[in-house]
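Here is how the chains run, residue by residue.
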Amino acid sequence: MASTTLNVAVPRAVATRSRARRGGMPPVRLASRRGVRCAAGEEVPLGVQIETALMDAFPPSTVTRVRDSLRFTLADGTYKKTHVGLGDQVASSYVADLTAKPYWDPKGGAFPWMEFLEEHYLTIRDELRCALADPLLEQKGNAIWVAAARDDAEGYGPDWRTLVLQDRCEWEPSNVLLFPKTVDLVKRAATPSVEVFFAKQAPQTGIKPHTDFTNFIMTAHLGLDVPPKPESWMKVGEETQYWENGKGMCADTSFIHSTYNESLTMDRYVLIVRFWHPELTNHERNGVRFLFDAFEDLSPEGLRRAQDNARARTKADAEAAKQSEKATESDAAAAAEPAAEAPDSRKPGGRKKNKRNKRKAASGSGDGLGLLAKGMK
């Protein structure tokens, strides 16, 4: 039987959040921070300040679900549901009404960027191999092959290591220089990424069942150097899939999941992309990013900077949408234009003028190749 626990409440003046989450709402400690006094002399709780700044930074009603998610987080809420035949979902960073299933089909149309990365996986793999062969790699980069830094890190084990390229939508400046081809491919694919990193799992090691606590950011794996199937696998909910070189997997890791590398000798290397749930709107993605920025600096000045950043991203999204619309209109216009005919070889300088050619020119239907609209909508 399915069960759901929802404890949504308006943010308290004093709220403590210490659990680390990957990609979800940042750890929040409000217990030691006081609110500010309004003109009437009343203290405004910090949670209310954050919510007010969030709602003021976006058009009305566009980030309502993000606001509710913030309230849920500050109220120490936890969403728990057993999906019959699919598995258990647990999220404390939670956005309502998003489709929940353990695995999504990478070729189902929602993830064209993954298909692009699959096509170019050899480039990514070879760049990783070159980096691994560099004895000075750790000196050149930042936090190279670090162990899991989580409250439940013991579940990951000491041999699960990562090399981060992007964290909470910000590219790591040192490491991206070590992997320019990989970063370029991720960007060219218009990947809706929040985090990008390489992950290494040693032979005969695994990750115990756990949740990433976040339902609005999903997880994709691209096999780079992995043991032969079925020696390494990831179980999400009640479904198990196996890593394969050049193959992508897209999962909702708010479901309880675990992994294991059964090989006796071979490390498993994958590229992991943490990405926005495809049912989030652009405004909602931007709203979550506002919260990322806000929790970095909860002062009034910090909240204003987070608002400025959000408005700048909203403007950039609008400009990108205009460019996409123009490209679509250009495509339609090109498709409607008649096809140009080659000159008639029997008469230099032009084709033979006859009724058939006139009719053909008047009703020509040249084939137009469409321009692909860039970005995720």
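Residues numbered from 1 in each chain as written. Predicted model: local features only at pLDDT ≥ 70, side-chain atom pairs only at ≥ 80, totals over all residues. Heavy atoms only, no water.

1. Considering the overall build of the chain
- A count of helices and strands for the chain gives 10 helices and 17 strands.
- Within the chain, the fraction of its 377 residues that count as buried is 45%.
- Within the chain, residue pairs in contact and separated by at least 24 positions form 73% of the contacts whose partners lie at least 6 positions apart.
- Carbon and sulfur atoms make up 52% of the accessible area of the chain, which amounts to about 19,200 Å² in all. (Helix = DSSP H or I, 4+ residues; strand = E, 2+ residues; numbered from the N terminus. Buried < 20%, exposed > 50% of the residue type's maximum accessible area, 1.4 Å probe, protein only. Contact = heavy atoms within 4.5 Å. Areas by Shrake-Rupley, 256 points an atom, 1.4 Å probe, with all protein chains shown as cover.)

2. Focus on the confidence of the model for the chain
- On average, the chain scores 83 in pLDDT, and the residues at 70 or more come to 77%.
- In this model, residues 1–21 is a region of pLDDT below 50 whose contacts with residues beyond four sequence positions or in other chains number 62 contacts.
- Confidence over residues 28–33 falls short of pLDDT 50; this stretch has 21 contacts with residues more than four positions distant or in other chains. (pLDDT = per-residue confidence, 0-100.)

3. Some remarks on empty space enclosed by the protein
- As enumerated under the stated definition, the model contains 1 cavity of 30 Å³ or more in all.
- Taken as a whole, the largest cavity spans an internal volume of roughly 160 Å³.
- Lining of the largest cavity is provided by 18 residues; of these, Y156, W160, H221, H257 and I272 occupy positions nearest its centre.
- By residue class, the composition of the lining of the largest cavity is 7 nonpolar, 7 polar and 4 charged. (1 Å grid on protein atoms, 1.4 Å probe; cavity = no way out; pocket = protein on both sides within 12 Å on 5 of 7 lines; lining within 4 Å. Points joined across faces, edges and corners; volume = space filled by probe spheres on them. Nonpolar A, V, L, I, M, F, W, Y, C, P; charged D, E, K, R; others polar.)

4. Regarding helix α7 (residues 180–188)
- Within the span of α7, buried status applies to T182, V183, L185 and V186. On an axial view of α7, the arc spanned by its buried residues comes to 160°, and they lie on one face. Among the exposed residues of α7, those oriented more than 90 degrees off its buried face are K181, K187 and R188.
- With its phi angle positive at about 55°, A190 sits one or two positions after the end of α7. (Arc of directions from axis to C-beta.)

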